[in-house]
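Topology and contacts: notes
Given next are the chains, with one letter for each unit.
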Amino acid sequence: MIYLKSESEIELMKIAGAATASVFAAVEPQIKPGISTAELNEIVEATIRAAGATPSFLGYGDPPFSGSACISINEEIVHGLPSTKRFLADGDIVSIDVGAYINGFHGDACRTYCCGNVCPEHRALVKCAEEAFWLGIREARAGQRIGDISATVQEHVESKGYGVVRELTGHGIGRNLHESPDLLNYGRRGRGVRLEEGMCLALEPMITLGTHQIRLLSDGWTIITADRKASAHYENSFAILADGPYVLTCPGYERPLADGFTPPPSLAD
Ligand code: MG
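This write-up is about the structure you can find in this document.

Reading the values: rules and limits
- Residues numbered from 1 in each chain as written.
- Predicted model: local features only at pLDDT ≥ 70, side-chain atom pairs only at ≥ 80, totals over all residues.
- Heavy atoms only, no water.
- Pairing = 2+ DSSP bridges.
- Helix = DSSP H or I, 4+ residues; strand = E, 2+ residues; numbered from the N terminus.
- Axes fitted to C-alpha atoms, helices over the stretch in contact; angles between N-to-C directions.
- Contact = heavy atoms within 4.5 Å.
- Core = buried A, V, L, I, M, F, W, Y, C linked by side-chain atoms within 4.5 Å.
- Buried < 20%, exposed > 50% of the residue type's maximum accessible area, 1.4 Å probe, protein only.
- Phe/Tyr/Trp six-rings, centres within 6.5 Å; stacked < 30°, edge-to-face > 60°.
- Lys NZ or Arg CZ within 6 Å of the ring centre and 35° of its normal.
- Parallel < 35°, antiparallel > 145°, perpendicular 65-115°, else oblique.
- Left-handed = near helix turned anticlockwise from the far one by under 90°.
- Nonpolar A, V, L, I, M, F, W, Y, C, P; charged D, E, K, R; others polar.

**A word on the sheet that holds strand S8 (residues 179–183)**
- Spatial ordering of the open sheet is given by S8-S7-S9-S14-S15, a layout of five strands whose pairing is antiparallel. Either end of the sheet is taken by a strand with one partner, and the two such strands are S8 and strand S15 (244–247). In this sheet, neighbouring strand axes are inclined to one another by 30 degrees on average, regardless of whether the strands run parallel or antiparallel.
- Where strand S14 (residues 236–241) lies against S15, four bridges are found, and the strand directions are antiparallel. Residue Ala239 lies in a different strand from S15, and its bridge partner there is Tyr246.
- On top of the sheet, helix H4 (residues 146–159) reaches S8, strand S9 (200–203) and S14; it is set at about 40 degrees to S8, its chief contact.

Have a look at this one:
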């Protein structure tokens, strides 16, 4: 069932969104060759707790996720486990996916960063995931179908020759980290759930340089591309208000339908 949020619940979702987004300002300057993913995870957890929130991902699932962030490098698509033995290298692309829980509600967002001198091919991939989000979110209006968002994402990604992961999707979000409905990154216009005021969702294009086929590593969490080519991921949580989408996890860019709106500068620029 889809839980529609009241105005007051959406105000609480904004607080969870702000706590989630605060992580990126803290972590971005630390994306440097030589830092371990465990150190990045510590920064994420400290930032979430400093905002008065708790990390949504810590202890989630089975086996329980051991980090506060999913940190996924290059061919890793999602759910990379932070490790003291894993270090960023010059030229890596690294996605930091985080969730924060406060006042009974979750926020969920991801950015893919470029570490040092990243090749143009991988920079373009990172940029495309961001673009797909900001194009897709424009379809997130009451009365539209969820397939309008999905198709917009897929068309943009595939127009660049990239793959769209099928098995992993965006989702409803609220009192639970993952709620109905699924928000696919591929689909057909005019199909699926009709969007309504009060819906809160996470849109998260996960895209690949080569095949969109995936593999699960033996740690039970990390998902990689089957061909081991690079992958990029970009995500924000948003609410559907009467006058359009409201992005909860990207401060300063809440209103993508506003006149003259320009999306945030790309992390790949
Ligand atoms: Mg998510």
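**Some thoughts on the nonpolar core**
- Of all hydrophobic cores here, the largest spans 37 residues; its most connected members are Ile31, Leu40, Val44, Leu88, Val94 and Ile96.
- For this core, the secondary-structure elements that each account for two or more residues are helix H1 (7–27), helix H2 (37–50), strand S2 (69–73), strand S4 (93–102), strand S5 (105–114) and S14.
- Top element by residues in this core is H1. It accounts for seven residues.
- Setting aside residues no more than four positions away along its own chain, Leu40 makes contact with Val27, Gln30, Ile31, Ile35, Ile71, Leu88 and Ile96.
- In this structure, Cys128, Tyr234, Val247 and Cys250 belong to the second largest nonpolar core, which totals 34 residues.

**Examining the packing of aromatic side chains**
- All chains considered together, the criterion is met by seven aromatic pairs.
- Aromatic pair Trp134 and Tyr234: ring centres 6.5 Å apart, planes at 55 degrees, arrangement tilted. Placement of Trp134 in helix H3 (residues 120–136) and of Tyr234 in the loop between strand S13 (231–233) and S14 is noted, with a sequence separation of 100 residues between them.
- When its relative accessible area of 4% is taken as the criterion, Tyr234 is described as buried.
- The interplanar angle of 85 degrees and the centroid separation of 6.3 Å between the aromatic rings of Tyr253 and Phe261 together place this pair among those described as edge-to-face.
- We classify Tyr253 as partly exposed; its relative accessible area is 24%.
- A network of ring pairs unites the aromatic residues Phe133, Trp134, Tyr234, Tyr253 and Phe261 as a single cluster.
- The aromatic ring of Tyr246 is capped on one face by Lys14, whose charged end is 4.4 Å from the ring centroid.

**Thoughts on the sheet that holds S13**
- In space, the three strands of this open sheet follow the order S6-S10-S13, with antiparallel pairing throughout. Each edge of the sheet is formed by a strand with only one pairing partner; in this case those strands are strand S6 (163–164) and S13.
- Relative to strand S10 (residues 206–208), S6 is paired through two bridges, and the arrangement is antiparallel. What sits directly across from Val164, in S10, is Ile207.
- Here H3 sits on the sheet and contacts S10 and S13; the angle it forms with S13, its principal contact strand, is near 30 degrees.

**Points about the packing of H1 against H2**
- Their axes nearest at 9 Å, the elements H1 and H2 cross at an angle of 135 degrees. With respect to H2, the axis of H1 lies oblique. Crossing angle aside, the handedness with which H1 passes H2 is right-handed. In contact with Ser22, Val23, Ala26 and Val27 of H1, H2 contributes Leu40, Ile43, Val44, Thr47 and Ile48.
- Each residue belonging to the contact of H1 with H2 can be placed in one class, and the counts come to seven nonpolar, two polar and no charged.

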